[in-house]
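Working through the structure, step by step
In case you want the letters, here they are:
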Amino acid sequence: MKKIMNDPKITSSTSHSTATGLRMGCKAVLHTALLTGLLAFSGLTSAQQTLKIGAINPYSGPMALYGTEVTRGYELAVEEINKKGGLLGKKVELIRGDASTPQQGIATVEQLANNDKVDLFLGTYISAISLTASDTAARYNKLYWETNAVAQNLIDRGLPNFIRSGPDSAAFSTTSVATIKYLVAPALKKEMKDLKVWIEHEDSIYGSSIANSQKISLEALGAKVVMMGAHSSKSIDMNDSVLRAKQANPDVLLQTGYVPDGSLLLRTIRDQGVKPPAIVFVGTGDTKETLDALGADFIEGLLVVGYPKYDISEAYGPGSKAYLKAYRAKYNAEPLAPQSMAAYSGTMILFDSIKTAGSTEVDKVRAVVEKMDVPESTYPSGYGAKFTKLQNVRSNFTTAQWQAGKMVTVFPKEAISPGAALKNLPRKQ
Amino acid sequence: MNKTKDAADTLSKGGTFADQAIDADSSKLIETPKSLSFKYLGCMVLLFLPVLLLARYPQWINIVAFTYLMGAVAVAWNIIGGFGGQFSLGHGVFFSIGAYMTAALFINYGLSPWITIFPIALVAGLVSVLISWPTFRLRGPFFAIATLAFNEVMFVLANHFDSLTGGPRGLMIPFKAGFANMIFTERSYYAYLMFGFAAFSVGVSVVVRYSRLGYYLLAVREDEDCARACGINVLNVKLSGMAISAMLTSMGGTLFTMYLRYIDPPTLFTMSDIGVKFALLSLIGGIGTIAGPILGAALIIPFENYLRTELSNGLPGSNLAVLGFLMVLAALFMKKGIYGLFQEKYGKANKPALPTPMSVKPGGGAT
Amino acid sequence: MDQILNVLIIGLLLGGIYGLVSIGLNLIFGVVRIVNFAQGELVMLGMYGSYFAYTQFNISPYLSFLVVAPLVGLIGIVIQRFVIQPLRAESNMQIFATFGLLMMFQNIMLMVTKGEAYSIGGESSRWSLSVGELSLSVVRLIVFVAVTLITVGLHIFLNKTLTGKSIRAVTQDKLGARAMGINVERTYLLTFGIGATLAGFAGAMLTPIYSITPGVGGNFILAAFAVVVLGGLGSVWGAYLGGLIVGVVEALAGYYIDPVLRSAVWFMIFLVVLMVRPSGLLGMVGAEEVGFREQN
């Protein structure tokens, strides 16, 4: 070893290579530094170039499944807009904020506003959470864009930063009453003034407010509300309501509630032999659980009012088929509920507003939104965009019917997919 | 009479700030008002530290504020539940009275909560006496179930009388910032407010504990019949304890309303969030002690927040499943709560063993 | 008024459901003397167990209960042995622990089901008997028959067998029973096991009637406590009759007054009974004098 090292040829070449090595080393360091610097700089600039949206939903607790479902709608919208170059030249980033109670809504919004420095908020599957979360967002002067929660008081309180792209609970009432007027009454071959309606609802703000609107609208059309019953969604017996209704011999049962009470109600009317020729459910009754609980034969013909489903015609809901495809591709599963498409549509309206406004600032977006005039059937859920008091009045629910164990959209007429039709009305039971 | 009270004191299950050992020879108590005030002030300083340190971190300040609020009401619960041994699961009733009345008076008449907090507390105290009068005949689990029933009844009534309570829609207080309104833009002010309330609540608890009423409550807890035989008016003692507890609880409800600015029946009457929560916090901290409920709140509330944020991406419910599991473990391994754990490790050597009624020698005094 | 018969029948059938859910609780409450918050969750586990047996193996709940109920009973024994028993000196902590169990069970099922509601019985639960103008749901009738049989069976067990008598002895006087040589701890285990088995059985019977959610147990637990107190501590027939009374009162109140106030109505009645006759209808007088001390 020593001999080799002392060899002048080798030594000099080593020292030469050392020098070169040193130079190369320096170059390498410089290159690396430059590269790192560039990367860091681009990283820095790209950090400044994201538009952060806080998504407020229940991600823990019993509603987590639906909170996630709604958020999938947001995610698909974000993915799509980023493919097209982002929003206002920036990449859009969605940050989840978990809120299962109104109180958590406050804490989560504060966290997202202070720590993550989001630019605006998107929400929310549950109205009570939206109420407190958007209120907190107002104090940070950030936009709260509501895609799903339906409570009336969210708009009535007049919060300047709260804009709702989806339908409100009044729309549940309007669609259900319209279904009765244009679908049920003709099928039963009765005039509205001869129609006897039994309104049943769960007793929280959700069921009560919708039921009250329904009563007013139906009576205005001349129908007779022969019975109005309220029950707890956790009720373990509804025989009293059903027995009372039995006396009145209603033509239509109109129920607004959640899953357990809806199924129990159906079971109870079957037990008691109460057989209204038409049954309309608002909000729930369209899942596998109802099918399992009552059997396909019994629920055949049951009408359910809810968010536009995936089988609506392409004319009514352009892009609905594409959405379904994108959902299946990204999540490897069938959509759990139509709420996600509604969330997606609402988010698209938000993005269009921001583009036009050129900013995410509350005042600018609001100004744009108040002037928007986009016709219905522009977005996948059949929505248009026209806002009255910051509520999108061109967003609607649709009515679907159980046919052979599947849900088929039957109202409004335009939404019916080709080949589908109303069946089993009056119900054969 | 003196000796019986000392015996009652000896029999007390938990400790307090200092050891409760009674000198076997004398019946003099170690706690004097001076030493108590020192300890109280010292602990208040300690309690204030988190508020001071975390005031500028918004994500912490909410947790701190809520912890102090819950801790304070747990201290209030402890007065009747811990000192008095009456395991009430109906404190949600008093909490909701404070909440609803404050909101209604503020929204409809513009009355400042600073003014209404005390009169409302008096109302809650009155209600507590009315509903407890017949229920105090019951003991143990029967009493607990009866109070549970009251909570459920209130829930149904709150839903039904929507002209008063907003029914299922609830009541929302508009954001009109101002000190007089008890509505602050600066979140940290709430933390100061809740700290103040906690300090007040603990102070009341200390005063009660070392007053005659306090010893009567302990005596009733330990052996109701014996206490009655000693001439203590058991029912009055229970009612007084319950009234004080209810009044403090109602004040907590007032602060809760102004902090959240939104109340509805599910928020106020869900047992696991409100009704049972105060009992749970006291239990985990050390029931019957003064510091216990605050310690319990300091442990549970930030921790359940932590669990929720950590596990929110997991399966729904995982955070509460873990919390429930840990609660069971805590019950098994910290039988006397956190405070009891401290006592075991650092308690003075001559702390008397927990005697049963049988082991108290005739003539009083420690065993 | 013409519906009165119908309402009474409905009330009785509902009372059967209440009784079925309460009978296990009554036993546990009477013997072990704890407020077992987790009892509703045991019923819930029975429901999920039968659901699983039905969807995976196509076995009807009316058969699978033979396996499901004892499994739930086993869980009960484990709870008693490892959670309740070690805390016998701290009755408050016992309540705390049962509450922890409640949270655990509910949320574990939430994790498993992710919040989806389940139902079965689309086909079989459609059966209803028509007797003249009255309609009786067959599944509820089965519940009524079941609870009656169980009550009779328990009564025989508690009064005619030695084990049963030892259980009654522990209910009445723990110290005295111990002095008589009865192994009180083993009695606790046995009682909790039986009580949990009955809860599991109730769950199986209720599976065709209700939607199954993780929180479904909570719908029954308060009614169950009310029934137990109304009927009287330690009395099996008390729980049975208490259930029927609660069911009938609720049905009458719901039909004739207002369906929404029905739960408040019977709660008020329950409170009145507590004030006036705390030992319940058929309970042992003085049972309400139970204090926490007795747990030692």
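Because the structure is a prediction, the values reported are computed rather than measured. (Residues numbered from 1 in each chain as written. Chains lettered and ligands numbered in written order. Predicted model: local features only at pLDDT ≥ 70, side-chain atom pairs only at ≥ 80, totals over all residues. Heavy atoms only, no water.)

1. Focus on unusual backbone geometry
Residues and elements named next belong to chain A. Filter applied, for reference: Under the scheme used here, helices are H or I runs from DSSP no shorter than 4 residues and strands are E runs no shorter than 2 residues, and both carry numbers assigned from the N terminus.
The omega angle of the peptide bond from G123 to T124 is -15 degrees, so this bond is cis rather than trans. Position of T124 among the secondary structure elements: in the loop between β3 (120-123) and α5 (127-139). Omega for the peptide link from L425 to P426 comes to 0 degrees, which places this bond in the cis form. Residue placement: P426 occurs in the segment after β14 (406-411).

2. Side note on the interface of chain A and chain B
Where we set the bar: What makes two residues a contact is simply this: any of their non-hydrogen atoms within 4.5 Å. Note: buried area is the sum, over both parts, of the accessible area (probe 1.4 Å) each one loses when the two are combined. Think of a salt bridge as a Lys or Arg side-chain nitrogen and an Asp or Glu carboxyl oxygen that are within 4 Å of each other. Here a polar contact means two N or O atoms within 3.5 Å. Within protein one must be a hydrogen donor candidate and the other an acceptor candidate, and residues neighboring in sequence count only if both atoms are side-chain atoms.
Taken together, the contact pairs 25 residues of chain A with 21 residues of chain B. Together, the buried faces of chain A and chain B total about 2000 Å²; carbon and sulfur atoms form 58% of this surface. When residues of chain A are sorted by the area they lose upon contact with chain B, Q103(A), R139(A) and I205(A) head the list and together hold 25% of the total. The tally of links from chain A across to chain B stands at 2 salt bridges. A salt bridge links R261(B) to D135(A); its shortest N-O distance comes to 2.4 Å. Summed over the shared surface of chain A and chain B, the number is 4 residue pairs in polar contact (both at pLDDT 80 or more). Counting residues per element, the ones that place at least two in the side of chain A that touches chain B are α4 (102-116), α5 and α8 (205-220) of chain A.

3. Observations regarding the packing of helix α2 (residues 33-54) of chain B against helix α3 (residues 58-83) of chain B
All names here are of chain B. Spelled out, the test is: Under this scheme, a helix contributes an axis fitted over its contacting stretch, all axes are lines through C-alpha atoms, and angles between N-to-C directions fall in the 0 to 180 degree range. Angles are sorted into four bins: roughly parallel if under 35 degrees, roughly antiparallel if over 145, roughly perpendicular if 65 to 115, and oblique for all others. Here is the rule for handedness: rotate from the far helix to the near one, and if that takes an anticlockwise turn smaller than a right angle the crossing is left-handed, while a clockwise turn gives right-handed. Polar here means any residue other than Ala, Val, Leu, Ile, Met, Phe, Trp, Tyr, Cys and Pro, which are nonpolar, and Asp, Glu, Lys and Arg, which are charged; Gly is therefore polar.
In the contact formed by α2 and α3, the axes pass within 9 Å of each other and the chain directions differ by 160 degrees. Put simply, α2 runs roughly antiparallel to α3. Where α2 crosses over α3, the two elements pack in a sense that is left-handed. Where α2 abuts α3, its residues L47, F48, P50, V51 and L54 lie against W60, I61, V64 and Y68. Looking at the contact of α2 with α3 residue by residue, the classes come out as 9 nonpolar, no polar and no charged.

4. Remarks on the pairing of strand β10 (residues 303-306) of chain A
Residues and elements named next belong to chain A. This is how the line gets drawn: The buried label goes to any residue with under 20% of its type's maximum accessible area, the exposed label to any with over 50%, and the partly exposed label to all in between, with areas taken from a 1.4 Å probe on protein chains only. Two strands pair if DSSP finds at least two bridges between them.
Neither face of β10 is exposed, since L303 and V305 on one face and V304 and G306 on the opposite face are all buried. Judged from the 4 bridges that link them, β10 and strand β13 (residues 398-403) form a sheet pairing that is antiparallel. Bridge pairing in β13 links V305 to T399.

5. A few points about the sheet that holds strand β8 (residues 252-256) of chain A
Residue and element names in this part refer to chain A. Taken in spatial order, the 7 strands line up as β7-β6-β8-β9-β10-β13-β14 in an open sheet, and their pairing is mixed. Two strands bound the open sheet, and with one partner strand each, they are β7 (224-231) and β14. For this sheet, the mean angle separating the axes of adjacent strands, direction not counted, is 25 degrees. Bridge count for strand β6 (residues 196-202) against β7 is 7 bridges, and the pairing is parallel. Within the sheet, the bridge partner assigned to W198 lies in β7 and is M227.

6. A few points about the packing of α3(B) against helix α8 (residues 187-209) of chain B
What describes two packed helices is the angle between their axes and the distance between those same axes. Residue and element names in this part refer to chain B. With their axes 8 Å apart at the nearest point, α3 and α8 run at an angle of 15 degrees to one another. It follows that α3 is roughly parallel to α8 by the angle criterion. The handedness of the crossing between α3 and α8 is left-handed. Looking at the contact of α3 with α8 residue by residue, the classes come out as 19 nonpolar, 4 polar and 2 charged.

7. Considering the pattern of salt bridges
A complete count under the given rule lists 22 salt bridges over all chains for this structure. Across the pair K330(A) and E79(A) runs a salt bridge, and its minimum N-O distance is 2.6 Å. One end of the pair, K330(A), is in helix α13 (residues 320-331); the other, E79(A), is in helix α3 (residues 64-83), with 251 residues separating them in the sequence. For K330(A), a relative accessible area of 38% translates into the label partly exposed. Linking E80(A) and K84(A) is a salt bridge whose minimum nitrogen-to-oxygen distance equals 3.4 Å. Residue classification places E80(A) among the partly exposed positions, given a relative accessible area of 27%. One continuous salt-bridge network, built from bridges that share partners, spans E224(B), D225(B), R228(B) and K238(B).

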